[in-house]
Amino acid sequence: MSETVGQMSDDGTGPERRPGPQRKPPRQTRAQREWRPGQVKAPRSVKTLFASTVLCLEAVLMFFFSLAAWGLNQNESYAWWLLGGSLLLGLILILTCAVLQRPGGYVFGWVLQFVMLFGFISVALLTSEGLIVPLAALPGVAFMACWWYAVTKGEQLDDEKMQRFQAEEALARDATSEENNDD
């Protein structure tokens, strides 16, 4: 048997309910506001997921690269520029994840790949602390290959996923039309 806390209402049916302050409804995203019952959600892009992962990993690489470049050249006048420029590039790489679905997002990603490669090589040429120039290009080339793979394979997987999604929608439509015909 449950006990209710509070005063009984005048008619004796249960606890008295007093009007309280009005609560604001929780904030919703645009997708939540536009959702309707029975609406089928389109599949997410694998290409964007792969490309965002590569960009975030490159940003982490740029963070550690900036620390290493600054540490090897901290007595030079350009050391703070190396640190700031590398950290800024890392921040831009992360922010690019938000614009990948917009027109030109992947083109901007390709531009950032070349900027990062150029940055590795230019820092290697600029510094005098034993950085070998061909080895400095290695991370840039490796991540450029990862970016290429993420974009091409992600596009292929998106096409396959969309075909599967459309086939499932067609099957669902056929099933509901058969149910309506049976009635």
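Note: the structure precedes this text.
Residues numbered from 1 in each chain as written. Predicted model: local features only at pLDDT ≥ 70, side-chain atom pairs only at ≥ 80, totals over all residues. Heavy atoms only, no water.

Once that is clear, we can look at the overall build of the protein. A tally of helices and strands in the protein yields 5 helices and 0 strands. When the elements of the protein are put in sequence order from the N terminus, they spell out α-α-α-α-α. Across the 183 residues that make up the protein, the buried fraction comes to 27%. Sequence-distant contacts in the protein: of pairs separated by 6 or more residues, those separated by 24 or more amount to 68%. If you sum the accessible surface of the protein, you get close to 13,800 Å²; carbon and sulfur atoms cover 61% of it. (Helix = DSSP H or I, 4+ residues; strand = E, 2+ residues; numbered from the N terminus. Buried < 20%, exposed > 50% of the residue type's maximum accessible area, 1.4 Å probe, protein only. Contact = heavy atoms within 4.5 Å. Areas by Shrake-Rupley, 256 points an atom, 1.4 Å probe, with all protein chains shown as cover.)

This part covers a nonpolar patch on the surface. On the surface, Val60, Phe63, Phe64, Leu67 and Leu87 cluster together into a nonpolar patch covering about 450 Å² of accessible area. Of the residues forming the nonpolar patch, the biggest block, 4 residues, is contributed by helix α2 (residues 46–72). On the basis of relative accessible area, Phe64 is assigned to the exposed category, the value being 52%. (Patch = residues over 30% accessible without salt bridge, like charges linked within 9 Å, V, L, I, M, F, W, Y side chains within 5 Å. Salt bridge = Lys/Arg side-chain N within 4 Å of Asp/Glu carboxyl O.)

Moving on to the packing of helix α3 (residues 79–96) against helix α4 (residues 105–126). For the pair α3 and α4, the least separation of the axes is 11 Å and the interaxial angle reads 160°. Judged on the interaxial angle alone, α4 and α3 are roughly antiparallel. Pair α3 / α4 crosses with left-handed handedness. Residue-level inspection shows Leu82, Leu89, Ile92, Leu93 and Thr96 of α3 in contact with α4, the latter providing Gly105, Phe108, Leu112, Val115, Met116, Val123 and Leu126. When the residues that make up the contact of α3 with α4 are grouped by side-chain class, the tally is 10 nonpolar, 2 polar and no charged. (Axes fitted to C-alpha atoms, helices over the stretch in contact; angles between N-to-C directions. Parallel < 35°, antiparallel > 145°, perpendicular 65-115°, else oblique. Left-handed = near helix turned anticlockwise from the far one by under 90°. Nonpolar A, V, L, I, M, F, W, Y, C, P; charged D, E, K, R; others polar.)

Taking 1.5 Å per residue, 27 residues should reach 39 Å; α2 reaches 39 Å between its end C-alpha atoms and fits that length. The backbone nitrogen of Lys47 lies 3.3 Å from a side-chain oxygen of the residue at the head of α2, namely Ser45. (Expected span 1.5 Å × (residues − 1). Polar contact = N/O pair within 3.5 Å; in protein donor to acceptor, adjacent residues only side chain to side chain.)

Moving on, we get to the environment of Thr96. Along the chain, Thr96 falls in helix α3. Spatially, the C-alpha atoms of Thr96 and Tyr106 are 9.0 Å apart, while their sequence positions differ by 10 residues. Ignoring any residue separated from it by four or fewer positions in sequence, one finds Thr96 in contact with Leu55, Gly105, Phe108 and Leu112. Engagement of the side chain of Thr96 in a polar contact is seen with the backbone oxygen of Ile92, the distance being 2.6 Å.

On to the packing of aromatic side chains, then. Any pair of aromatic rings gets described here by the distance separating the centres and the angle formed by the planes. On inspection of all chains with the given rule, the structure shows 5 aromatic pairs. Ring geometry for Phe63 against Phe64: centres 5.2 Å apart, planes inclined by 70°, an arrangement best described as edge-to-face. On the accessibility criterion, Phe63 (40% relative accessible area) is partly exposed. Each ring, one from Trp110 and one from Trp147, has its centre 6.4 Å from the other, and the planes form 90°; the classification is edge-to-face. (Phe/Tyr/Trp six-rings, centres within 6.5 Å; stacked < 30°, edge-to-face > 60°.)

The next point concerns the environment of Leu126. With respect to the helices and strands, the residue Leu126 is situated in helix α4. Its relative accessible area of 45% is what places Leu126 among the partly exposed residues. Each C-alpha atom of the pair Leu126 and Asn73 lies 10.0 Å from the other, and the pair is 53 residues apart in sequence. Sequence-distant contacts of Leu126, defined by excluding residues within four places in its chain, comprise Tyr78 and Leu82.

Here we take up the pattern of salt bridges. Within the structure shown, the criterion is met by 1 salt bridge. Of the charged contacts in the structure, one is a salt bridge between Glu155 and Lys47, with a shortest N-O distance of 3.0 Å. A residue pair is termed long-range when its members are at least 10 positions apart, and Glu155 in helix α5 (residues 133–182) and Lys47 in helix α2 qualify at 108 residues. On the accessibility criterion, Glu155 (39% relative accessible area) is partly exposed. Note on Lys47: relative accessible area 14%, which makes it buried.

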